[in-house]
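A closer look at the structure
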Amino acid sequence: SKAKLFDEKTDVKTSFKDVAGLEGAKEEVQEIVDFLKNPEKYTNLGGKIPKGALLVGPPGTGKTLLAKAVAGEAKVPFFSLSGSDFVEMFVGVGASRVRDLFKQAKEKSPAIIFIDEIDAIGRARGKANFSGSNDERENTLNQLLTEMDGFGTNTNVIVLAATNRADVLDTALMRAGRFDRQIYVDLPDVRERREIFEVHLRPLKKVADELDTEFMAKQTPGFSGADIANVCNEAALIAARQGKSAVGRQDFLDAVDRIVGGLEKKNKIIT
Ligand code: ATP
C-alpha cells in the first residue's frame, strides 16, 4: 500500500475558541480567514491576497492548532503534512508529491495547506543536514517554491507552515509572494496559561470546585500549551487510578510534578 502523503480534512471543527491566549497571532490569522471567506472584497480593490504565512515558535505552543482553527473558521478544507515525514518517506519522489498536493488543494479551493516542520524541507540550500540526501530535499524545496510562485493570486489556496527554527530556513522561502508573513506563537505567559487550563478542563467530567486555575497557572512557568493539556489529562488519570470521584488540586500538582520530571529527563538526553 502507498504511504500517505498528506492528510485531508473537510469539515474541520476546530475554532478560535479552542485556541487559548495567542491574541496577537489570532488577530493576524483572522485576516487570512477573511481572505478565504471574502476574496473579492480584497481583489476588487486590486490587493493581492497573501499566499503563505510562517508560524514561528517553540514546540507545543499551538501552531498546528491555530492553522487548523483557520480552516475551521473559514470552513475550508485542511491539507496537512509534516516536513520530516515527507523527507523520510518520499525519497526520490518528493517534488512530484508536492505537485500532487497543490493540485488537489487547488481543485478544492478555497483551502489551507499546512506544512508542519517546514525546516525539514526548507533548510537553506547548500547546507548539509544529517537526514537523507540533500539533492532530494532541494528538489522538493524547489518544487514548493515553484508551486507557490505558480499559483495566481486568485487561487485561494493559502499555505501556512510551522517551524521552531526560522533561522535555518532558506531565505528564498520568505520572499514576497511566498511566506512573506511571519506570525509569532510564543510560550504562554501566566494569564495565557490560565486560559489554556480553562480550555483543557472543559473535557474533564468532574473537577473539584477547589481547583483554582490562577494558582495552577502560577505553578507552571515555562509550560507550553501542549504541556498543560498533558497535565489536565494526567491529573484525570491520577485521580481515576486512586478511585476518586473528582479530579482535585493535589492530582493536578502531582501531574505537574510528573510532567516536570519528564521534561527534565528529555533535557538530560539532549545535553
Ligand atoms: P509542534 O511544534 O511540536 O508541532 P505546535 O506548536 O504545532 O507544536 P500543537 O500541536 O498545536 O503545537 O499543540 C499540541 C496540543 O497542545 C494542542 O492540540 C492542544 O491540545 C494543546 N495546545 C497548545 N497550545 C494551545 C493553546 N494556545 N490553547 C489551547 N491548547 C493548546
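Use the structure listed above.
Throughout, a residue's number is its position along its own chain's written sequence, starting from 1. Confidence filtering applies because this is a predicted model: local features only for residues at pLDDT of at least 70, side-chain atom pairs given and counted only at 80 or more, and all residues used for totals across whole chains, interfaces and linings. Side-chain measures were taken over the full set of non-hydrogen atoms in the model, leaving aside hydrogen atoms and water.

Brief notes about the side chain of Glu147
As for its position among the elements, Glu147 is in helix H7 (residues 134–150). Any pair of residues with heavy atoms lying within 4.5 Å of one another is described as a contacting pair. Not counting the four nearest positions on each side in its chain, Glu147 is found in contact with Val98, Arg99, Phe102 and Lys106. Helix and strand definitions follow DSSP, with helices as H or I runs of at least four residues and strands as E runs of at least two, each counted in order from the N terminus.

Some points on the packing of aromatic side chains
In summary, the pairing rule links any two rings of Phe, Tyr or Trp, Trp by its six-membered ring, whose centres are within 6.5 Å, and it sorts them by plane angle into stacked for under 30 degrees, edge-to-face for over 60 and tilted for everything else. If you walk through the whole model with that rule in mind, you get 3 aromatic pairs. Charge-over-ring contacts are defined here by two conditions on Lys NZ or Arg CZ: a distance within 6 Å of the ring centre and an angle within 35 degrees of the ring normal. The positively charged end of Arg249 is found above the aromatic ring belonging to Phe215, 3.9 Å away from the centroid.

Some remarks on the site of the ligand
Within the structure, the ligand sits among 17 residues, and Ala20, Gly60, Lys63, Thr64 and His200 are positioned closest to it. Contact between the ligand and Lys63: an oxygen atom at 2.9 Å from a side-chain N or O atom of the residue. Throughout this description, a polar contact denotes any pair of N or O atoms lying within 3.5 Å of each other; where both atoms belong to protein, one of them has to be capable of donating a hydrogen while the other can accept it, and for residues adjacent in sequence the pair is counted only when both atoms sit in side chains. Between the ligand and Leu65, the relevant distance is 2.9 Å, taken from an oxygen atom to a main-chain nitrogen or oxygen of the residue. For the ligand, whose accessible area on its own is 630 Å², the fraction buried by protein is 77%. Classifying every residue of the shell around the ligand by side-chain character gives 8 nonpolar, 6 polar and 3 charged. Distances are taken per atom, and a residue is near a molecule or strand as soon as one of its heavy atoms is within 4 Å of it. Under the convention used here, a 1.4 Å probe and the Shrake-Rupley method define accessible areas, while residue burial counts only the protein chains that appear. Residue polarity is assigned by list, with Asp, Glu, Lys and Arg as charged and Ala, Val, Leu, Ile, Met, Phe, Trp, Tyr, Cys and Pro as nonpolar; anything else, Gly included, falls into the polar class.

A few points about unusual backbone geometry
Of note, the amide linkage connecting Ser109 to Pro110 takes the cis form, showing an omega dihedral of 0°. In this structure, Asp11 is a non-glycine residue whose phi angle is positive, near 55°. Relative to the assigned elements, Asp11 resides in the loop between strand E1 (7–9) and helix H1 (23–37). Its identity as a non-glycine residue notwithstanding, Glu117 has a phi of 50°, on the positive side. Along the polypeptide, Glu117 turns up in the loop between strand E4 (111–116) and helix H6 (119–122).

Overview of the packing of helix H8 (residues 190–201) against helix H10 (residues 225–241)
Structural elements are reduced to axes, namely lines fitted to C-alpha atoms, with helices fitted over the stretch in contact, and the angle between N-to-C directions of any two is expressed from 0 to 180 degrees. Contact geometry of H8 with H10 gives a least axis separation of 9 Å together with a crossing angle of 45°. The angle between H8 and H10 falls in the class oblique. Of the two possible hands of crossing, H8 and H10 adopt the one that is right-handed. Packed against H8, whose contacting residues are Arg193, Ile196, Phe197, His200 and Leu201, the element H10 presents Gly225, Ile228, Ala229, Val231 and Cys232 at the interface. Here the angle decides the label: under 35 degrees means roughly parallel, over 145 means roughly antiparallel, 65 to 115 means roughly perpendicular, and every other value means oblique. In this scheme the crossing of two helices becomes right-handed for a clockwise turn of the near helix relative to the far one and left-handed for an anticlockwise turn of less than a right angle.

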